[in-house]
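Working through the structure, step by step
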Amino acid sequence: MIDSIEIYLTYEVLSIYEIFIKLKNCEQLHKLGFIDLYIDDCNNNNCIMNTSVLNYINNWKYVDEQDKENIKGFLSMLGKSDLHGQIINCKMYRDLFNRKLEQLELNEKTKIKSTLSIIIGIGIIISIVIM
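Worth saying up front: this structure is predicted, and the values here are computed from it rather than measured.

In this section: the side chain of D67. One can find D67 in helix α5 (residues 65-77). Assessed through its relative accessible area of 14%, D67 is described here as buried. Residues contacting D67, with those up to four places away along its chain left out, are F97 and K100.

Now the structure itself:
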């Protein structure tokens, strides 16, 4: 989503409302319900991230609190500075989430190695006991 927003800001110079309309039509982002909430708020002449969008993000169950705060921080800065500032904001949060993804992938690989070692160890113990 952040990459898409950055592209729309950089190359198409769209307003935040226009960007969210394009995001709504993106197949990969259809599960992000706050996009619809934001568009509904804009249709009611309130084109800022308001409490309904922020509350929606707060109610996500599968995202940790730090990520929720980062997402809300990113969304709350959209449209509040000049074009260059918004693009920098996109790059900053994209890098932040990419670092988080890399860390999670590294942790997952470590867990897989640990689990594999335990399974092999248990297999060796069982084969020793059977003999």
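With that settled, the discussion passes to the packing of aromatic side chains. Under the counting rule described, the total for this entry stands at 4 aromatic pairs. Here F20 and Y38 contribute two aromatic rings whose centre-to-centre distance is 4.5 Å and whose plane-to-plane angle is 45°, an arrangement assigned as tilted. Pair noted here: F20 is in helix α2 (residues 16-24) and Y38 is in helix α3 (residues 34-43), with a separation of 18 residues, a long-range link. With respect to burial, F20 and Y38 carry one shared label: buried. For the pair Y56 and W60, a centre-to-centre distance of 6.2 Å together with 80° between the ring planes defines the contact as edge-to-face. Owing to a relative accessible area of 17%, W60 belongs among the buried residues under this scheme.

Phi angles above zero are rare outside glycine, and V13 is one such case at about 45°. Mapped onto the elements, V13 comes out in the loop between α1 (2-12) and α2. Overall, V13 belongs to the exposed group, its relative accessible area being 55%.

What follows deals with the environment of M77. Relative to the elements of secondary structure, M77 occurs in helix α5. The partly exposed category is assigned to M77, whose relative accessible area is 39%. Considered as a pair, M77 and N89 are 12 residues apart in the sequence and their alpha carbons are 7.5 Å apart.

The next subject is the packing of α3 against helix α4 (residues 51-58). Contact geometry of α3 with α4 gives a least axis separation of 9 Å together with a crossing angle of 170°. Relative to α4, the element α3 lies roughly antiparallel. Here F34, L37, Y38 and D41 of α3 come into contact with α4, specifically with S52, V53, Y56 and I57. Residue classes in the contact of α3 with α4 are distributed as 6 nonpolar, 1 polar and 1 charged.

Formed by 25 residues in total, the largest nonpolar core has its most connected members in I5, I19, F20, L23, F34, F74 and L75. Every element with two or more residues in this core is listed here: α1, α2, α3, α4, α5 and α6 (83-130). Looking at this core element by element, the count peaks at 5 residues for α3. When neighbours within four sequence positions are excluded, F34 is seen to be in contact with M1, F20, V53, Y56, I57, W60 and L75.

Conventions adopted
Residues numbered from 1 in each chain as written. Predicted model: local features only at pLDDT ≥ 70, side-chain atom pairs only at ≥ 80, totals over all residues. Heavy atoms only, no water. Helix = DSSP H or I, 4+ residues; strand = E, 2+ residues; numbered from the N terminus. Buried < 20%, exposed > 50% of the residue type's maximum accessible area, 1.4 Å probe, protein only. Contact = heavy atoms within 4.5 Å. Phe/Tyr/Trp six-rings, centres within 6.5 Å; stacked < 30°, edge-to-face > 60°. Axes fitted to C-alpha atoms, helices over the stretch in contact; angles between N-to-C directions. Parallel < 35°, antiparallel > 145°, perpendicular 65-115°, else oblique. Nonpolar A, V, L, I, M, F, W, Y, C, P; charged D, E, K, R; others polar. Core = buried A, V, L, I, M, F, W, Y, C linked by side-chain atoms within 4.5 Å.

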